[in-house]
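Next come the chains, spelled out residue by residue.
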Amino acid sequence: MKVRLALMNFLEFAVWGAYLTSMGNYLGRAGMGAEISWFYAIQGIVSIFMPTLMGIIADRYVQPQRLLGFCHLVAGLLMVSLCVVGMHEATPDKSLFITLYTLSVAFYMPTLALSNTVAFTILKNHGLDTVKDFPPIRVFGTVGFIATMWFVNCATIEDGSLGFSLLENANKFQYTHMQFLVSGLLGIVLFLYCLSLPQCKLEVKENRTVAEMFGLDAFKLFKTKRMALFFIFSGLLGMSLQVTNGYATPFITSFKGVPEMAGSFAANNATLLVSISQVAEALCILLIPFFLRRYGIKIVMLIAMFAWVLRFGFFGLGNPMFPGVTLFILSCIVYGVAFDFFNVSGGLFVDQECDVQVRASAQGLFMLMTNGLGATIGTLLAGEVINHYCHWTADGYLLGDWQTCWFIFAGYALVVGILFALVFHHPKKQVEA
């Protein structure tokens, strides 16, 4: 059963990894480079309400494993339709493309929570320990994400034949609409796989108010100064979360527009290079219990904030040629600390600080502030900065003063970190991680 759930997690995140970090390159070549920030902001916008709506349906009307499959079927078919649109039009109609993408993401984002619900329910039904047995299962999700990143980085179709290359090739999936086909087909496969999963029978639950169902009761936590500051800073730091997902690969690929760097390995394999971030993310999860027990939540959150400074700063200082490429690699490595120490540790802090009656709602509020409001606002603002300093060329490269952009983002993360150090106070105590 654990192997079957590991495969489910592998497919769950493989669907996302096929396009999340490489989509910017395609959008630039398809005449939608100025709208990159909106494509990533849409994920945050739909995350504000769709997971909650699907959660209510899974609680009351449809078994979660069936709803998980249905969501993937709809999202997958819409992803395939994006590929079809891109196949017929080199520069697709923006309104149509964004509409199809929005609907696909609206059905995909709830599956991140639904897949956890399915895994927890099946593990409990089979007498297994969720705390012990789920983390190794979840790691396969990151493995799936990395696997499809590598696949679209190298895969090409020429003369009707599938091939793989690390060399310069404009037909690589990371540059074309084919990345959406990979995502869509995997989503449909996961829909079929969900039909084979054990049933997760619905449980009769006590009636809840509308405010409780949508997690609005958690907003009373803002009455507590410490929790109010924590959620506010979660939103401020959340503004950094999607910036590199949207712009790291267009940035690294842009060096192909610089003659002396055009043939470098990094510039031609941006998606592969960025995948180091996901490897680091998987490994850094193992460090969190030690750091939380030894230093407490404030220090751990500060480490995350200053890791974001390094994440952006290394991009600003590096280039794809040796030795500059080592700074790109370091940027990807510190991403694991920046992302995990913030998201995972923040979730543990919320779990321990909140009463059991509002614990689930508080987690929802944390996600709303970070991946919802914070990521959406941050991505849109980052897009404005990059569109101001950089421009898309006829060859499909986003060239300009990238260094200033990355230093602006690093400066923002530094200011947030300093303010957090000054105003957030929390007694160091042992954390059950």
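Since the structure is predicted, the reported quantities are computational estimates derived from the model, not experimental observations. (Residues numbered from 1 in each chain as written. Predicted model: local features only at pLDDT ≥ 70, side-chain atom pairs only at ≥ 80, totals over all residues. Heavy atoms only, no water.)

(A) Region of interest: the overall build of the chain. On a plain count of helices and strands, the chain comes out with 17 helices and 4 strands. Relative to its length of 433 residues, the chain is compact, with a C-alpha radius of gyration of 21 Å against a globular reference of 22 Å. For the chain, the spread of C-alpha atoms along the three principal axes comes to 60 × 50 × 35 Å. Among the 433 residues that make up the chain, the fraction classed as buried is 56%. (Helix = DSSP H or I, 4+ residues; strand = E, 2+ residues; numbered from the N terminus. Rg over C-alpha atoms; globule rule 2.2 N^0.38 Å. Buried < 20%, exposed > 50% of the residue type's maximum accessible area, 1.4 Å probe, protein only.)

(B) Summary view of the environment of Ser104. Looking at the secondary structure, you find Ser104 in helix α6 (residues 94–125). Using a relative accessible area of 2% as the deciding quantity, one classes Ser104 as buried. A sequence separation of 31 residues divides Ser104 from Leu73, and the C-alpha atoms of the two residues are 9.7 Å apart. Leave out the neighbours within four places in its chain, and Ser104 touches Ala75, Leu78 and Met79. (Contact = heavy atoms within 4.5 Å.)

(C) Molecular detail of the pairing of strand β2 (residues 161–164). Taken together, the 4 bridges between strand β1 (residues 155–158) and β2 define a ladder with antiparallel strand orientation. Looking at β2, one finds that Ile157 is bridged to Leu162. Linking β1 back to β2 in an antiparallel pair, the connection comprises 2 residues, with Asp159 at a positive phi of about 55°. (Pairing = 2+ DSSP bridges.)

(D) Spatial organisation of the side chain of Lys256. Residue placement: Lys256 occurs in the loop between α11 (243–253) and α12 (265–268). There is no salt bridge for the buried Lys256, and the closest opposite charge comes from Glu168, which lies 4.1 Å off by N-O distance. Those residues in contact with Lys256 that lie beyond four places of it in its chain are Glu168, Tyr175, Ala262, Ala267, Asn268 and Tyr397. (Lys, Arg positive; Asp, Glu negative; His and termini not counted. Salt bridge = Lys/Arg side-chain N within 4 Å of Asp/Glu carboxyl O.)

(E) A look at the confidence of the model for the chain. Of all residues in the chain, 92% have pLDDT values of 70 or greater, and the mean over the chain is 88. The element-level mean pLDDT for the chain is lowest in helix α9 (residues 210–213), coming to 62, with helix α8 (residues 178–194) highest at 97. (pLDDT = per-residue confidence, 0-100.)

(F) Seen up close, the packing of aromatic side chains. By the definition in use, this model includes 35 aromatic pairs. Each ring, one from Trp402 and one from Trp406, has its centre 5.7 Å from the other, and the planes form 20°; the classification is stacked. Here the residue Trp402 and the residue Trp406 both occupy positions in helix α17 (residues 402–423), the gap between them amounting to 4 residues, near one helical turn. (Phe/Tyr/Trp six-rings, centres within 6.5 Å; stacked < 30°, edge-to-face > 60°.)

(G) The arrangement of the packing of α11 against α17 in detail. Relative to each other, α11 and α17 sit at 160°, their axes nearing to 13 Å. Considering the angle they form, α11 stands roughly antiparallel to α17. When you trace α11 past α17, the crossing you get is left-handed. Along its contact with α11, which presents Val243, Thr244, Tyr247, Pro250 and Phe251, the element α17 presents Trp402, Trp406 and Phe409. The residue makeup of the contact of α11 with α17, split by class, is 7 nonpolar, 1 polar and no charged. (Axes fitted to C-alpha atoms, helices over the stretch in contact; angles between N-to-C directions. Parallel < 35°, antiparallel > 145°, perpendicular 65-115°, else oblique. Left-handed = near helix turned anticlockwise from the far one by under 90°. Nonpolar A, V, L, I, M, F, W, Y, C, P; charged D, E, K, R; others polar.)

(H) Highlighting the side chain of Asp133. Structurally, Asp133 is set in helix α7 (residues 130–154). Discounting chain neighbours no more than four positions away, the residues touching Asp133 are Lys2, Leu123 and Leu128.

(I) How the structure looks around a nonpolar patch on the surface. A contiguous nonpolar surface patch, about 680 Å² in accessible area, is contributed by Trp38, Ile45, Ile48, Phe49, Leu53, Leu373, Ile377 and Leu381. Those elements giving two or more residues to the nonpolar patch turn out to be α3 (36–47) and α16 (359–389). Here the nonpolar patch gets 3 residues from one element, more than from any other, and that element is α16. (Patch = residues over 30% accessible without salt bridge, like charges linked within 9 Å, V, L, I, M, F, W, Y side chains within 5 Å. Areas by Shrake-Rupley, 256 points an atom, 1.4 Å probe, with all protein chains shown as cover.)

(J) Spatial organisation of α11. The buried fraction of α11 amounts to 11 of the 11 residues, a majority that puts the element mostly inside the structure. Taken together, the buried positions of α11 are occupied by Val243, Thr244, Asn245, Gly246, Tyr247, Ala248, Thr249, Pro250, Phe251, Ile252 and Thr253.

(K) Focus on the nonpolar core. Judged by nonpolar contacts, the single largest core of 126 residues is most densely connected at Met8, Trp16, Phe97, Tyr101, Phe180, Phe231 and Phe409. Apart from the residues within four sequence positions on either side, Phe180 is in contact with Tyr19, Met23, Tyr26, Met79, Val80, Leu82, Cys83 and Phe97. (Core = buried A, V, L, I, M, F, W, Y, C linked by side-chain atoms within 4.5 Å.)

(L) The arrangement of α17 in detail. Taking 1.5 Å per residue as the helical rise, α17 with its 22 residues ought to reach 32 Å, and the 32 Å between its terminal C-alpha atoms agrees with that figure. Buried within α17 we find Trp402, Cys405, Trp406, Phe409, Ala410, Ala413, Val416, Gly417 and Phe420. Looking straight down α17, one finds its buried side chains confined to an arc of 130°; they lie on one side. (Expected span 1.5 Å × (residues − 1). Arc of directions from axis to C-beta.)

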